[in-house]
Amino acid sequence: MNVLLLGGSPSAPSTTWRLLQLFGERLAALGHRSVALQVRQLPAAALLQGDGTDPVLREALSLVFEADAVIVGTPVYKASFSGVLKTFLDLLPQDGLAGKLVLPVATGGGQSHMLALDYALRPVLAALGARHILPSIYATSQQLPWDPARGLQPADAIAVRIEAGIEQLHGELQLT
Ligand SMILES: Cc1cc2nc3c(=O)[nH]c(=O)nc-3n(C[C@H](O)[C@H](O)[C@H](O)COP(=O)(O)O)c2cc1C
């Protein structure tokens, strides 16, 4: 099955993007094909102007339309999801996620905004017609240390959540 990794951080390197890549690796081991899309790499002027006719944006949007599942990753910014991600979601048609499985993933600086995914991002994903929005996965950047040699080293509690999310997504994709 076709899984889109949609990264909504403006930063590089990005903890959120590293986490999405980990999801991609784990899903590849289960036989799924993942496609990477970082909004920060798209043409900024076209994004800000909401120009869905831009050829690069059209190509990016087609990745969403072709996906069976979308893992939407965002840093928590100001107790919500990133504006970068919103510029891209705003380009989708109202039914842009219709029929798709969606897994929301976020990283934040602390635990106090862990509900941001559920009160801010989840309603937007639902408004876009997502078929099934899986339970959100949230981790702090402290729980996701990066080792240059070994890559992302999630803390035990987060590793468990990641594996559960992957299992659930894999199971749902089998039913698609
Ligand atoms: C502009 C800005 C706003 C932020 N606002 C919050 C916030 O409201 N709550 C929070 O927990 N972390 C906040 N953070 C911390 C980031 O969410 C956190 O460092 C995240 O892991 C960054 O992910 P990234 O490396 O993928 O960009 C903010 C960071 C920045 C730069």
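Residues numbered from 1 in each chain as written. Predicted model: local features only at pLDDT ≥ 70, side-chain atom pairs only at ≥ 80, totals over all residues. Heavy atoms only, no water.

K.L.:
An account of the overall build of the protein is needed here, citing residue identities and associated values.
P.N.:
Counting its regular elements, the protein contains six helices and eight strands. Against the 2.2 N^0.38 benchmark of 16 Å for 176 residues, the protein shows a C-alpha radius of gyration of 15 Å, consistent with a compact globule. Taking as baseline every contact in the protein between residues at least 6 positions apart, the subset at least 24 positions apart corresponds to 79%. A total accessible area of about 8100 Å² is found for the protein, and carbon and sulfur atoms account for 55% of it. (Helix = DSSP H or I, 4+ residues; strand = E, 2+ residues; numbered from the N terminus. Rg over C-alpha atoms; globule rule 2.2 N^0.38 Å. Contact = heavy atoms within 4.5 Å. Areas by Shrake-Rupley, 256 points an atom, 1.4 Å probe, with all protein chains shown as cover.)

K.L.:
Outline the site of the ligand, listing residues and values.
P.N.:
If you check the shell around the ligand, you find 17 residues, and the closest are Ser9, Ser14, Thr16, Val76 and Thr107. Measuring from an oxygen atom of the ligand, one finds a side-chain N or O atom of Thr16 at 2.6 Å. In this structure, Gly109 approaches the ligand through a main-chain N or O atom, which is 2.9 Å from a nitrogen atom. Against a free-state accessible area of 650 Å², the protein chains account for coverage of 71% of the ligand. Those elements that place two or more of their residues in the shell around the ligand are α1 (15-29) and β4 (101-108). When its residues are assigned to classes, the shell around the ligand shows five nonpolar, 11 polar and one charged. (Near = heavy atom within 4 Å. Polar contact = N/O pair within 3.5 Å; in protein donor to acceptor, adjacent residues only side chain to side chain. Nonpolar A, V, L, I, M, F, W, Y, C, P; charged D, E, K, R; others polar.)

K.L.:
Explain the pattern of salt bridges to me, and be specific about the residues and the numbers.
P.N.:
Tallied over the entire structure, the rule returns four salt bridges. With its nearest N and O atoms 2.5 Å apart, the salt bridge here joins Glu163 to Arg26. Placement of the pair is Glu163 in helix α6 (residues 156-175) and Arg26 in helix α1, with a sequence separation of 137 residues. Take Arg26: its relative accessible area is 25%, and that puts it in the partly exposed class. Here Asp118 ties to Arg122 by a salt bridge, and the two come within 3.2 Å at their closest N and O atoms. (Salt bridge = Lys/Arg side-chain N within 4 Å of Asp/Glu carboxyl O. Buried < 20%, exposed > 50% of the residue type's maximum accessible area, 1.4 Å probe, protein only.)

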